[in-house]
There are 2 protein chains.
Amino acid sequence: MDRKRSKAMSDMEQADAPPYHLQLARMFAERRKADLDAPLCPVRDVLDRVGDKWTMLVLIALAERPRRFSEVNRTIPDISKRMLSQTLRTLERDGLVLRSVFPTNPPSVEYRLSELGRTVFEPLTMLVRWVERSHDAIGTARKQYDTSP
Amino acid sequence: MDRKRSKAMSDMEQADAPPYHLQLARMFAERRKADLDAPLCPVRDVLDRVGDKWTMLVLIALAERPRRFSEVNRTIPDISKRMLSQTLRTLERDGLVLRSVFPTNPPSVEYRLSELGRTVFEPLTMLVRWVERSHDAIGTARKQYDTSP
DNA sequence: CTGTATCCTCATAGATACTG
DNA sequence: CAGTATCTATGAGGATACAG
């Protein structure tokens, strides 16, 4: 709180920044009064999507290249058409995915990442890397917890 | 796939690395055959937690300093004891949170982040920043989607 | 204070059938 | 092919009561 901090560094840099857990704590401390747990909280809003069963898989399915509805379905075999449709619609509504209809016969519809959609992959990749770095430690912790008293 | 890439740079650096969405796409492409959608997939496993209703809020509640059970409860007023207890237990089991019982009377129990627990905040902060950068764009996209045909 | 046990409800996703 | 409509079932989470 009262630690001296050199302000001489580029303030884009995190050279002397507080550790991440304290950064986040402060971000949320300021926000709490108003809307942390409110349904409007944009962070919760996005976190809910990230954590939901299909959104991530659908985004990843579209990461490499645009795909048609049934292509995506084949990429994720155990998603129902209902859920795939709903997930894609939400992603389109949020502007992460673009939808193009080609009036061929039979009709074909192509889904692709938007510019904004591509940008999610940066933080997401960070998260996946954390998982890869940590999942051994987590596994060990679980084993230990489960075999304890 | 076959683009020339200078290997002269530090391979810790991402100077000439492919964009994140392609990185992730490849990570998962390799993994898909085995266990992408399997319940064992560690990424899905963690993502489920990140997206669940309370885990993030509890972690943030513990970010600044250790807290007792009822302190956390006051920090997150709308969580039930049942859910708080369950969330804390899961976090403890995963080794992200440490639990210390002090045999005072009445008993007091303190929860705090483990070393591993603190490390989650780096990727999480990235994600929160992405939300802050993007939520205007998302809001605009939604408004447009909702007022369209 | 720090939980657990039990019951109950409501939302979400799966299955199935149908349509442009 | 690309969806929507309807129905049902499962399970997460709230309420309440109780316990160490």
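That block above? That's the structure.
Since this is a predicted model, take the numbers as computed values, not measurements.

The rules behind each value
Residues numbered from 1 in each chain as written. Chains lettered and ligands numbered in written order. Predicted model: local features only at pLDDT ≥ 70, side-chain atom pairs only at ≥ 80, totals over all residues. Heavy atoms only, no water. Helix = DSSP H or I, 4+ residues; strand = E, 2+ residues; numbered from the N terminus. Contact = heavy atoms within 4.5 Å. Areas by Shrake-Rupley, 256 points an atom, 1.4 Å probe, with all protein chains shown as cover. Salt bridge = Lys/Arg side-chain N within 4 Å of Asp/Glu carboxyl O. Buried < 20%, exposed > 50% of the residue type's maximum accessible area, 1.4 Å probe, protein only. Least-squares fit on C-alpha atoms with pLDDT ≥ 70 in both. Near = heavy atom within 4 Å. Polar contact = N/O pair within 3.5 Å; in protein donor to acceptor, adjacent residues only side chain to side chain. Nonpolar A, V, L, I, M, F, W, Y, C, P; charged D, E, K, R; others polar.

Asks: Got a minute to help me understand the overall build of chain A in this structure?
Replies: For chain A, the count of helices and strands is seven helices and three strands. Listed by position from the N terminus, the elements making up chain A come as α-α-α-β-α-α-β-β-α-α. A fraction of 37% describes how many contacts in chain A between residues 6 or more apart in sequence connect residues 24 or more apart. Entry remark: accessible area of chain A is about 8900 Å², with carbon and sulfur atoms responsible for 52%.

Asks: How should the pattern of salt bridges be read in this particular structure?
Replies: Close approach of charged atoms lets side chains of opposite charge pair. Counted according to the given criterion, the structure contains 18 salt bridges over all chains. Where Arg67(A) meets Glu71(A), a salt bridge forms, and the shortest distance between an N and an O atom there is 3.9 Å. The partner of Arg142(B) in a salt bridge is Asp94(A), and the shortest N-O contact between them spans 2.6 Å. Within this pair, whereas Arg142(B) is found in helix H7 (residues 121-147), its partner Asp94(A) is found in the loop between helix H5 (81-93) and strand E2 (97-102), the two belonging to separate chains. Note on Asp94(A): relative accessible area 3%, which makes it buried. Counted as one network, the salt bridges with shared partners bring together Asp45(A), Arg49(A), Asp94(A) and Arg142(B).

Asks: Explanation requested: the relation of the copies chain A and chain B in the structure shown.
Replies: Two copies of a chain can be linked by a rotation about an axis combined with a shift along that same axis. For the pair chain A and chain B, the relating rotation is 180°, the translation along its axis is 0.0 Å, and the fit reaches an RMSD of 0.0 Å. The operation mapping one copy onto its partner corresponds to a two-fold rotation axis. Closest to the rotation axis within chain A is the C-alpha of Gly51(A), separated from it by 1.8 Å. A high fraction, 98%, of the interface residues of chain A reappear at the interface in chain B, so the copies pair face to face through one surface.

Asks: What is the right way to look at unusual backbone geometry in this model?
Replies: A negative phi angle is the norm for most residues apart from glycine, just as the trans form is the norm for most peptide bonds. A cis amide bond links Asn105(A) with the next residue in sequence, Pro106(A), at an omega value of 0°. Tracing the chain through its elements places Pro106(A) in the loop between E2 and strand E3 (108-113).

Asks: It is not clear to me how the protein's contact with DNA strand D should be interpreted in this structure. Could you clarify?
Replies: Near DNA strand D there are 19 residues, and of these Ser70(A), Lys81(A), Ser85(A), Tyr111(A) and Arg82(B) occur at the shortest range. Of all DNA strand D atoms lying within 4 Å of any protein atom, the proportion belonging to sugar or phosphate reaches 63%. Within the side chain of Arg68(A), an N or O atom sits 3.0 Å from a phosphate oxygen of DNA strand D. Between DNA strand D and the protein, one listed contact pairs a phosphate oxygen with a side-chain N or O atom of Ser85(A) at 2.6 Å. Elements supplying a minimum of two residues to the surface near DNA strand D: helix H4 (69-75), H5 and E3 of chain A together with helix H5 (81-93) of chain B. If one sorts the elements of the surface near DNA strand D by residue count, H5(A) sits on top with four residues. In the surface near DNA strand D, the residues fall into eight nonpolar, four polar and seven charged.

Asks: I would appreciate a short explanation of the protein's contact with DNA strand C in the present structure.
Replies: Looking at DNA strand C, there are 19 residues lining it, with Ser70(B), Lys81(B), Ser85(B), Arg99(B) and Tyr111(B) nearest. The sugar-phosphate backbone supplies 63% of the atoms of DNA strand C found within 4 Å of the protein. A distance of 2.5 Å separates a base oxygen of DNA strand C from a polar atom in the side chain of Lys81(B). Broken down by secondary-structure element, the contributors of at least two residues to the surface near DNA strand C are H5 of chain A together with helix H4 (69-75), H5 and strand E3 (108-113) of chain B. Considering each element in turn, the surface near DNA strand C owes the most residues, four residues, to H5(B). Grouping the amino acids of the surface near DNA strand C by side-chain chemistry returns eight nonpolar, four polar and seven charged.

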